[in-house]
Amino acid sequence: MLEILIDHLKCGVTVLDKSQTIIRVNSAFSSLFNKNNNDLEGTILADWFTGFFDKKASERWDRMVTEAEQNIQSPDGQFKVKSDQGIRLLEAHVVVIDESTRQGDAFLIAYWRDITEIEALKSELTDLKFMAESAGAELTETNTILTQAYQEAEAANKAKSEFLANMSHEIRTPMNGVLGMIEMLLETDLNMEQTDYADSVRSSAESLLVLINDILDFSKIEAGKLDLESIDFNLRVTLEELNDVMALKAYEKGIDYDCLIRKEVPTLLKGDPARLRQVLTNLTGNAVKFVERGEVAIHVDLVSESENKVELLFEIIDTGIGIPAEKIERLFKSFSQVDTSTTRKYGGTGLGLKISKQLTELMGGKISVESEMGKGSTFRFSACFEKRITSGADLEEIPQNIQKERILIVDDNLTSRKVLAEHLNSWGCDFETAESSPDALDKLAQAVAQEKPFRIAIISMLMIDASGEELGNRIKQNPRLSRTALVMVTTIGQRGDAVRLKNAGFSAFLIRPLKKSLLFDCLRTVIGAIDPGDGDAPPDLITRFTLQDQKPETVTPTVKLNILLAEDNPMNQKVAMKMLQKLGHDVSVADDGQEALDMFLHESFDLILMDGNMPNLDGLEATRRIREIEARQKPGPGDLPARIPIIALTANAMKGDRERFLAAGMDEFLTKPFKKKDLVEVLEPFGPRLPV
Ligand code: ADP
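Okay, so let's go over this structure. (Residues numbered from 1 in each chain as written. Predicted model: local features only at pLDDT ≥ 70, side-chain atom pairs only at ≥ 80, totals over all residues. Heavy atoms only, no water.)

## What to know about the overall build of the protein
Reasoning step 1: Helices and strands together make up the secondary structure of the protein, namely 22 helices and 22 strands.
Reasoning step 2: A burial count over the protein gives 44% of its 692 residues as buried.
Reasoning step 3: Only carbon and sulfur atoms are counted for the fraction: they give 52% of the accessible area of the protein, which is about 37100 Å². (Helix = DSSP H or I, 4+ residues; strand = E, 2+ residues; numbered from the N terminus. Buried < 20%, exposed > 50% of the residue type's maximum accessible area, 1.4 Å probe, protein only. Areas by Shrake-Rupley, 256 points an atom, 1.4 Å probe, with all protein chains shown as cover.)

Structure representation (structure tokens):
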């Protein structure tokens, strides 16, 4: 049994006498050498080991045997074997046979385990462990670097914001000087050449300002420093202001321009009209820029409406050069232009769309574009607004006297027809449309035949088949149609148009894009002229000027104010002072906050214009002190504490600035650079309330 057991053990077994002669061996051991057991039996063990040739190995063996003799627990040792399977590493475990059980020469038993593979694995593992450890160390190092980089980035970001605030201030201050002085220069007597030069300076300075604002906006948004306002506004007015500017640009390029707000779109809203206008200006400006022939149109649609919120969709459609499909994705990334040659041809920084995208998102909407090369592009963006709770006075009244009026729209441009139709529809007019002159003549004649003649024809000046003027002539020369009142609509007027049109029998002449209110006034006046009432005779040819003349003028009483201007920059002192003097006010100047405070204490002023950043005492602190002094003073008439209006003049335009100024006790806020018109507007509310 033992023999069998030994022979089938997986580990090698050798029984040795004291002189290391092998007395008995098992096959697990002899197979290492590709031998039979009896080949090994009788030989010296050391002869089979390469390791025993080296001194250290025999020392190790001897030590093991001695330890075994002394009964020290499991003496082990490793030995290299030159076997037929190459060099193998064996681990030996030696047991000295107890004297009482010893038989014959048998002295000790050695057990052998082949650990070649295990050791190889072990060393591989050690290598791996080492590698893992060094990777870990590297990772820790990377982490440290990253943390450091993060901290640096944070600091850089903060520095960037501060830099931005400073830059904003530093750039606006001289810009205020440039724009202000040019505005005043242009008001002096200049010859034509000088006017031309000064005008060029102004327009360059204005473009520079747009650019600066773009860059500042971009950085402000990036730094999370841009907040939207929430104020009441009228969408129609916002768009009409945009149209005034864009229509002129479109006209200069000889392209059509129109704007359509669908009837169901609520126009009395609450939101940030300036930012909305910025997005619209940017997209529409691009559209006009990239269209050589055709038209640009803005459509405004209702997406959804709840009790107090609306989501609107704005579409800016152009028939321009289009954008290649593969470039579209990049468009809304900063500084991206479709190709650099467009920059050379059309100018631009590639910032506009990125800013538009960010502003749209701030307004709770999305922006996208669809485009076909050579055909044109449509930019769409949505935006959410609050609805204003409308009082009766705000609601658009449906005018009684043009309801049910028979009106024919003649225009070959679909968008323009739609715009007019939309307006007439909202007033409840009974209208039809014609796409061409012959079509118009047919419809006019048919209506007469059906005894439902059109009272007014609104005719577009530029049509492909015939000019609106020719059509007008033919209508007026046809006795059956000549009673139709004619309203001419054109993109922009030229000198001499009015006289010619009047002679041709037109009643009115309007310039596109039509302001809804102006169109309404015009139609009402034209009808008034057909049915003269008791009132005055209508003007000869109705134009936007005569219509505006008819309106009661909004009179702002001219109040002469005694103004204290606190401003440290000499150039800006001069700008503000000259502007105020031109507006008829008296101005005293303080060079810093301390001087302003002293002057406030010793003289009597109606109003203070206070720069924010000033040496010695800044505008905020000076204001705080003035308010403290006022609070200590006895109440004035009507038991109200006296309170001098203080308007901040500042070149800072960062988030939170307005709040800071108001918190310090200022009443209003004017950002540099400002124009005379801005100054008038900001002073206006304070004028009439003050004693003259
Ligand atoms: P830029 O100031 O250069 O106009 P934008 O961000 O507004 O910057 O526009 C980026 C680029 O997108 C433009 O340079 C132009 O290549 C392309 N693009 C924008 N709008 C239009 C459009 N309506 N038609 C064709 N290309 C357009």
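Further notes follow.
## What to know about the environment of E315
Reasoning step 1: With respect to the helices and strands, E315 occurs in strand β10 (residues 309–318).
Reasoning step 2: For E315, a relative accessible area of 12% gives the class buried.
Reasoning step 3: Between the C-alpha atoms of E315 and R380, which are 65 residues apart in sequence, the distance is 4.5 Å.
Reasoning step 4: Separated by 2.7 Å, the side chains of E315 and R380 make a polar contact. (Polar contact = N/O pair within 3.5 Å; in protein donor to acceptor, adjacent residues only side chain to side chain.)

## Brief notes about the sheet that holds strand β4 (residues 86–96)
Reasoning step 1: Spatial strand order, β2-β1-β5-β4-β3: 5 strands in an open sheet with antiparallel pairing. Each of the sheet's edge strands pairs with one partner strand only, and the pair in question is β2 (22–25) and β3 (76–83). With direction set aside, neighbouring strand axes in the sheet form an average angle of 30°.
Reasoning step 2: In this sheet, β2 lies alongside strand β1 (residues 12–16) in antiparallel orientation, the contact comprising 3 bridges. Directly across from L16, in β2, lies its bridge partner I22. (Pairing = 2+ DSSP bridges. Axes fitted to C-alpha atoms, helices over the stretch in contact; angles between N-to-C directions.)

## So, unusual backbone geometry
Reasoning step 1: For the peptide bond that leads from K672 to P673, omega is -5°, which places it in the cis range.
Reasoning step 2: Considering the arrangement of structural elements, one finds P673 in the loop between β22 (668–671) and α22 (676–683).
Reasoning step 3: Its identity as a non-glycine residue notwithstanding, K404 has a phi of 65°, on the positive side.
Reasoning step 4: Positionally, K404 belongs in the loop between β12 (376–387) and β13 (406–410).
Reasoning step 5: Its identity is not glycine, yet E451 carries a phi of approximately 60°, on the positive side.
Reasoning step 6: By the element assignment, E451 lies in the loop between α13 (437–449) and β15 (456–460).
Reasoning step 7: Judged by relative accessible area, E451 falls into the exposed class, the value being 68%.

## Re the side chain of E183
Reasoning step 1: Looking at the element boundaries, E183 is found in helix α5 (residues 116–187).
Reasoning step 2: Here E183 occupies a buried position and makes no salt bridge, while the nearest side chain of opposite charge, K676, is found at 5.6 Å.
Reasoning step 3: When neighbours within four sequence positions are excluded, E183 is seen to be in contact with M579, K675, K676 and K677. (Lys, Arg positive; Asp, Glu negative; His and termini not counted. Salt bridge = Lys/Arg side-chain N within 4 Å of Asp/Glu carboxyl O. Contact = heavy atoms within 4.5 Å.)

## Focus on the packing of aromatic side chains
Reasoning step 1: Under the definition given, this model contains 10 aromatic pairs.
Reasoning step 2: For the pair F79 and W112, a centre-to-centre distance of 6.2 Å together with 70° between the ring planes defines the contact as edge-to-face. Here F79 is found in strand β3, whereas its partner W112 is found in strand β5 (residues 108–114), with 33 residues between them in sequence.
Reasoning step 3: The buried category is assigned to F79, whose relative accessible area is 1%. (Phe/Tyr/Trp six-rings, centres within 6.5 Å; stacked < 30°, edge-to-face > 60°.)

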